[in-house]
Amino acid sequence: MRNTYLNTLYELAKQDKNVLSLVADNGMIVYDDFKRDMPDQFFNFGISEGHMISAAAGLASCGKIPFIYTISAFLAYRSYEFLRLDVCLQNLNVKIVGIGTGTSYGYLGPTHHTTEDIALLRSLPNLTVFSPSTIEETKEIIKASYFINGPVYIRLGNNSLSYPMINKDFCIGKGNILSTGDDIAIFTTGSILEEVLKVESKLKALNINAEIISIHTLKPFDCDLVEYIANSNKKIFSVEEHNCIGGLGSAIAEIIADRNLNTEFYRIGLKDIFAEGYGTQQEVRMQNNLDANGIYKQMIDILL
C-alpha cells in the first residue's frame, strides 16, 4: 500500500505543482524520486507531527494541497488536537495519510499499533475517512482524495494484497462487494481482508457461503448497503483489526439502530483491549484471535 500511495502521489504532484508531500522523517529513502524530481514540493518536518499538521493547514489556506505522511498512530493520537482544531474545524484541504494501521508494527507493541483511530477520527466533523483493503482501492482513494476539497484521512496497512475491483467504478461512500454468498455477510476494512479471504475458503468447506464486503470509505458510510444486507436475512459479521468500540462494527451497529433493522449482527475485533503480544503482524494477530483461524473459530461458535 505504501508504494502504491507514493507512486500515485508522485503522478499527481507531477501534474499539479500545488500538490505537496509533507513527511516526519520516517522511511525517507522511499521518497528519493520525489525529492529529486520535485524538491520544491517536498518538506521534511522531522519528528514533529503536530507542527507538520499545523503547517499543512497554513499551506492549504494558501491554495496548496498538502499530503501528510507518517506512522498512523502518531497522526491519530499524538496530533489529534492539531487535526481537530487546525484542519477539521477550519475545513481545510489537507490530506492525512497514516501508514501501519492495526498491528502492522507488531514488534514495536501498542505504542505503534493503530487500533483506535477509526473511533477517534470518524467522529470529527468535515473529515472524510478512507480505509483501503487492497492496492487497487488504495490507488483509487489517493486519486479521489485529490479532488475532495476538504480534510481527508487515509489509513494504510503494510500489506500488498491485490484483489480486482468488483465494482467497475470506484465510488466514495460505497462498499466494494468482493464476492457474493447466500448464508452470511462479512464486512471488513483495511489489510485484515487477507485473513477474511482465508476464512471465506474455510467456510466454503462447510457449505457456508459468505458475501465479502470491503468498506474502503468509513465516512461517509454506505448505509444503504447495510440496510440491503440486513433485509436479505443473512447473519452479518464485522471483522476489523481495531477496537470493537467505535470502529467498523460500531458504525454498522449505529445504522442498524438508526434504521430499526431486524438482523443478527456480530462484531469481531479487539474486545476493549490493547492488542497483546509482540512479533510480526501475523504473530500478533494470532495472539489476539484475529488471524484466519481465530476469526473462523469465533464465527463457527456462532453459526454452529
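Refer to the structure presented above.
Report follows, based on the coordinates. Just so it is clear, the model here is predicted, and its values are computed rather than measured. (Residues numbered from 1 in each chain as written. Predicted model: local features only at pLDDT ≥ 70, side-chain atom pairs only at ≥ 80, totals over all residues. Heavy atoms only, no water.)

## Quick word on the overall build of the protein chain
What the protein chain contains, in helices and strands, is 12 helices and 12 strands. The C-alpha radius of gyration computed for the protein chain amounts to 19 Å, which stays within 12% of the reference 19 Å derived for 304 residues, consistent with globular compactness. Of the accessible surface of the protein chain, which amounts to about 12600 Å², a share of 50% is contributed by carbon and sulfur atoms. Taking the average place of the 26 positive charges on the side chains of the protein chain and the average place of its 35 negative ones, the gap between the two points comes to 3 Å. (Helix = DSSP H or I, 4+ residues; strand = E, 2+ residues; numbered from the N terminus. Rg over C-alpha atoms; globule rule 2.2 N^0.38 Å. Areas by Shrake-Rupley, 256 points an atom, 1.4 Å probe, with all protein chains shown as cover. Lys, Arg positive; Asp, Glu negative; His and termini not counted. Charge placed at Lys NZ, Arg CZ, Asp CG, Glu CD.)

## Considerations on the pattern of salt bridges
In the structure shown here, the tally under the stated rule is 17 salt bridges. In this structure, the salt-bridge partner of D37 is R36, at a minimum N-O distance of 2.9 Å. A relative accessible area of 30% means that D37 is categorised as partly exposed. Owing to a relative accessible area of 56%, R36 belongs among the exposed residues under this scheme. A network of salt bridges, in which partner residues are shared, links E194, E195, K198, E241 and R285. (Salt bridge = Lys/Arg side-chain N within 4 Å of Asp/Glu carboxyl O. Buried < 20%, exposed > 50% of the residue type's maximum accessible area, 1.4 Å probe, protein only.)

## Digging into empty space enclosed by the protein
Under the criterion given, the structure shown has 2 cavities of 30 Å³ or more. As a volume, the largest cavity reaches approximately 70 Å³. Lining the largest cavity we find T101, G102, I118, R155, T189, G190, S191, I192, E240, E241 and H242. Looking at the lining of the largest cavity, the element that brings in the most residues is strand 11 (residues 235-243), giving 3 residues. Taken together, the residues that form the lining of the largest cavity break down as 2 nonpolar, 6 polar and 3 charged. (1 Å grid on protein atoms, 1.4 Å probe; cavity = no way out; pocket = protein on both sides within 12 Å on 5 of 7 lines; lining within 4 Å. Points joined across faces, edges and corners; volume = space filled by probe spheres on them. Nonpolar A, V, L, I, M, F, W, Y, C, P; charged D, E, K, R; others polar.)

## Some remarks on the packing of helix 3 (residues 49-61) against helix 5 (residues 80-88)
Two measures define how a pair of helices packs: the angle their axes make with one another and the distance between the axes. Contact pair helix 3 / helix 5: the axes reach a minimum separation of 9 Å and the direction vectors enclose 5°. Here helix 3 lies roughly parallel to helix 5, going by the angle between them. On helix 5, the residues that touch G50, I53, S54 and A57 of helix 3 are F82, L83, D86 and V87. Here the contact of helix 3 with helix 5 is composed, by residue class, of 5 nonpolar, 2 polar and 1 charged. (Axes fitted to C-alpha atoms, helices over the stretch in contact; angles between N-to-C directions. Parallel < 35°, antiparallel > 145°, perpendicular 65-115°, else oblique. Contact = heavy atoms within 4.5 Å.)

## Focus on the sheet that holds strand 7 (residues 176-179)
Read across the open sheet, the 5 strands follow the order 7-9-8-11-12; overall the sheet is mixed. The sheet is open, and its two edges are formed by strand 7 and strand 12 (265-270), each paired on a single side. Direction aside, the axes of adjacent strands within the sheet are offset by 25° on average. Where strand 11 lies against strand 12, 5 bridges are found, and the strand directions are parallel. From the neighbouring strand, S238 faces strand 12, where its bridge partner is R267. Docked against the sheet, helix 12 (residues 292-303) engages strand 8 (184-188), strand 11 and strand 12, running at close to 150° with respect to strand 11. (Pairing = 2+ DSSP bridges.)

## A few points about the layout of surface pockets
Its boundaries defined by the atoms lining it, the largest pocket holds a volume of some 220 Å³. For the largest pocket, the lining is made up of 14 residues, of which M1, R2, N3, I99 and N158 are closest to its centre. Ranked by the residues each element gives to the lining of the largest pocket, the list is headed by helix 1 (residues 2-15), at 3 residues. For the lining of the largest pocket, a count of residues per class yields 5 nonpolar, 8 polar and 1 charged. Its volume calculated, the second largest pocket comes out at about 150 Å³. Lining the second largest pocket are N3, L6, N7, L9, Y10, V30, Y31, D32, D33 and F34. For the lining of the second largest pocket, the secondary structure elements donating two or more residues are helix 1 and helix 2 (32-37). Here the lining of the second largest pocket takes 5 residues from helix 1, the largest share from any one element.

## Points about the packing of aromatic side chains
Tallied over the full model, the rule gives 8 aromatic pairs. An angle of 45° between the planes, with centres 5.5 Å apart, marks the rings of Y31 and F42 as tilted. Taken together, the residues span a long stretch of sequence, with Y31 in the loop between strand 1 (19-23) and helix 2 and F42 in strand 2 (residues 42-44) at a distance of 11 residues. With respect to class, Y31 is no different from F42; both count as buried. An aromatic cluster is present here, built from Y5, Y10, Y31, F34, F42 and Y69 joined pairwise through their rings. Sitting over the ring of F74, R78 keeps its end group 4.4 Å from the ring centre. (Phe/Tyr/Trp six-rings, centres within 6.5 Å; stacked < 30°, edge-to-face > 60°. Lys NZ or Arg CZ within 6 Å of the ring centre and 35° of its normal.)

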